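# Fold and geometry: a report
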Amino acid sequence: MRNSEASREMDATVRYSILGTVRAVRGDTEIDLGPPKRLALLALLLLRAPGPLTLSEAVDILWDDEPPTSAANVVHRHIGALRRTLEPELRSRTHAEHLVRAADGYRLLVDTSTSDLLRFRDLRAQAQLAVKGGAPAQAAQDFVEALRLWRGPVVAAGTSVSRHPVFTSVGHEFVATVKEAADAVLTAAPALTEEVLAVLRQALDSHPFDEALHSRLIGALAVTGRQAEALRQFENIRGALAEELGVEPGPELRAAQQHLLQRRVHRDPVAGASRARETGKPAQLPADCVSFTGRRQALSQCLELLPLQGECHPPTMTAAICGMAGVGKTTLAVHWGHLVADHFPDGQIYVDLQGHHTSRPPLDPAEAINEVLDALGAKSDRSHASAAALAAAYRTALGGRRLLLVLDDAENCEQVRPLLPATPGSLAIVTSRRQMEGLAVTDNARIITLEPMTREEGLDLLDRRLGTDRIRAEYAAAVEVVELCGGLPLALAVAATRTLLQPHFPLASLAARLKDTDECLDTLSSRDSRTNTRSSFHSSYEALSSSAARLFRLLSLHPSRDITVPAAASLAGTDLRRTRQDVAELMDHCLVVELAAGRYTCHELLRTYARELSSLLDSPNVRSEALSRMFEHYLYSADAATALLAPHRTTVILPPPRPGVRPQRFRGRADAAEWIVAEQYLLPELVRSISQSPRGETFRRQLTSALEMCLESSGF
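Residues numbered from 1 in each chain as written. Predicted model: local features only at pLDDT ≥ 70, side-chain atom pairs only at ≥ 80, totals over all residues. Heavy atoms only, no water.

## Brief notes about helix α28 (residues 576-588)
Between its first and last C-alpha, α28 extends 18 Å over 13 residues, near the 18 Å set by a 1.5 Å rise per residue. Listed as buried for α28 are Thr579, Asp582, Val583, Glu585, Leu586, Met587 and Asp588. Next to the buried residues of α28 lie α26 (546-555), α27 (565-572), β13 (593-596) and β14 (599-601). One or two residues past the end of α28 sits Cys590, with phi positive at roughly 60 degrees. (Helix = DSSP H or I, 4+ residues; strand = E, 2+ residues; numbered from the N terminus. Expected span 1.5 Å × (residues − 1). Buried < 20%, exposed > 50% of the residue type's maximum accessible area, 1.4 Å probe, protein only. Contact = heavy atoms within 4.5 Å.)

Structure follows, in structure tokens:
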């Protein structure tokens, strides 16, 4: 009986595995293949099957260094041992059915039923044919079935040659198949997405910087509703690329971040709206911007506000996106809202608070509360309700819900506070041209300051609106347009539209118009108040106090974009305390930003707008006096710095400064030297432009003399 069982076992088919640990199995019994060199030789035979493995190739691969003179004999002996292992009852090698002689080598007789590698390649070929034949669902099934044969990311693991190029090349077949499978599954077989996610992660373990793999992982996460995790994945690889390789993500990975995250499997917009009506759940987010691009850092900050998987309570329930007019706050808020909408199953509500609307007053908080209650279907008479009763009804309506509230264009903190959720589960995204720091103090809000776009982001925006061919053909002019628009998305969008309306005009002609300060804002403005750059700036300016508005206008007279408080005080002719208050107000309205400690800057398009206002509202005498005070500020500051840095040098005897001039005060030599470093480019420019002043020649001689000693004594 035992002999017949042994005979049946010997007759059982031998199956071979190479996609992972090398194995040979007869029936249900694993075969002991012997020492590592023999195992490696079998792996090579499997790799070359159904073709032959030549003796010379076997020798070259099995010995890393110079092979011994006995290498050929060693291979022959291992072949003989393998043949006996695979066919124990074999009497003569001429009757072998597994391992046979071939021209100048050996051949292992396997097919798609006995070799996992051949089966893998066959399934992949079938899938590729299905793709070409227009059957993506069948292709997805075949790709995934092929990938199921892999039990590890390494081919022939456990052998001494597993890292040889002939084996790692098969590993590349695995990675390529993973990409093909992901494309097919995301296109036509969503039920297989989780399985594809697993193999994508497996492939990334051994290819951590493969951007194409990361882009497909991001897409797979997105279609399964894990947008937050998808964005975290993008930020992780972006950081790894920058830290390890010193590069930014390429076009495919950027496209994944910007486009694949917006895909919604099973989310038809019309069907979604119908479901919202049937369930009473609001879905009020405006349409996402199809040309949205960049904003990686800001989106990363946004994602940190979402609870991690398994976390009960989010770190905060309010985010305030703040920044200057036209910087893209609403676009970012709406884009973010679409990405994370699945985290808020009770709906998404959008309220335009009209804080800086060009023709309407800001929305009263009570009106905004009623809008939200109406969106939630609250059935109560609120027409005569007191503020306290309305607030109580609002808190009751939001309690226990998981809502996303987008509160757009807030005038100030007081307008927003009554609308913020009071219990965990909901998230309020506030946008405002104010800094909204009060919300951080009282409501633990995360303040996200949105800066103008980088050059790369600006070029991407133009690319999306004008097309890659146009940008490539006129790249230098496109870069110039981005820089002249200061990376401001509104200005770039208007400029791109101007170009589309005049397709025969080169981008260089647009750049020329933007260079002309008298024509720049006209080029970036239109009759539509929502897309009029000048009107957008004006609604911010109108919210200023008269003192801050005057300082804003006069800042345009300064030859440099950055300025200190004493220099600004001298321009305005006000004391330092008043000037600090005015600068703080301008910062609160995002009209200036603190570039470095004690130095403030204004966006170039805002400076152009301020220059327009000053020429209209400030008399020639006011402007002339402001310029004279500014020149004297730098003259007396340079003289004070020279006195500290070169106390034994003969200095120019200066008359007392005119009223309103506030020279820089220095705490010592280091402070004076630091000031010279900061102003080293501005001071010579002042000398060249000083002739505009009524006392121009006198100023020029005095400032030139002071500068020569000041710069020389500080080493410039």
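## A few points about the confidence of the model for the protein chain
Residue-level pLDDT values for the protein chain average 84, and 87% of them are 70 or greater. In the model of the protein chain, helix α12 (residues 269-279) stands out as the element of lowest mean pLDDT, 44, in contrast to α26, which has the highest, 97. Throughout residues 1-10 the model reports pLDDT below 50, and contacts reaching past four residues in sequence, or to other chains, amount to 5 contacts. Contacts from residues 260-279, a stretch scored under 50 in pLDDT, to residues over four places away or in other chains number 28 contacts. (pLDDT = per-residue confidence, 0-100.)

## Some details on the pairing of strand β6 (residues 105-108)
In regular strands, side chains alternate between the two faces of the sheet. In this structure, strand β4 (residues 53-54) lies alongside β6, joined through 2 bridges in antiparallel fashion. The residue bridging Leu53 from the neighbouring strand is Tyr106, located in β6. Note: strand β5 (residues 99-102) against β6, 4 bridges, orientation antiparallel. Along β6, the bridge assignment pairs Ala102 with Gly105. The loop that links β5 with its antiparallel partner β6 comprises 2 residues; one of these, Asp104, has a positive phi angle of about 55 degrees. (Pairing = 2+ DSSP bridges.)

## A look at the nonpolar core
With 96 residues, the main nonpolar core has Trp336, Leu462, Val481, Phe537, Phe552 and Leu586 as its most contacted residues. At 8 residues, the largest contribution of residues to this core is made by helix α30 (residues 620-645). By size, the runner-up hydrophobic cluster in this structure holds 82 residues, among which are Ala58, Ala71, Leu123 and Leu186. (Core = buried A, V, L, I, M, F, W, Y, C linked by side-chain atoms within 4.5 Å.)

## Structural notes on the layout of surface pockets
In this structure, the largest pocket encloses a volume near 1,200 Å³. Thr330, Thr331, Leu490, Arg530 and Thr531 are the residues nearest the centre of the largest pocket, which is lined by 46 residues in total. Top element by residues in the lining of the largest pocket is helix α22 (residues 489-501). It accounts for 7 residues. For the lining of the largest pocket, the per-class residue count stands at 16 nonpolar, 18 polar and 12 charged. (1 Å grid on protein atoms, 1.4 Å probe; cavity = no way out; pocket = protein on both sides within 12 Å on 5 of 7 lines; lining within 4 Å. Points joined across faces, edges and corners; volume = space filled by probe spheres on them. Nonpolar A, V, L, I, M, F, W, Y, C, P; charged D, E, K, R; others polar.)

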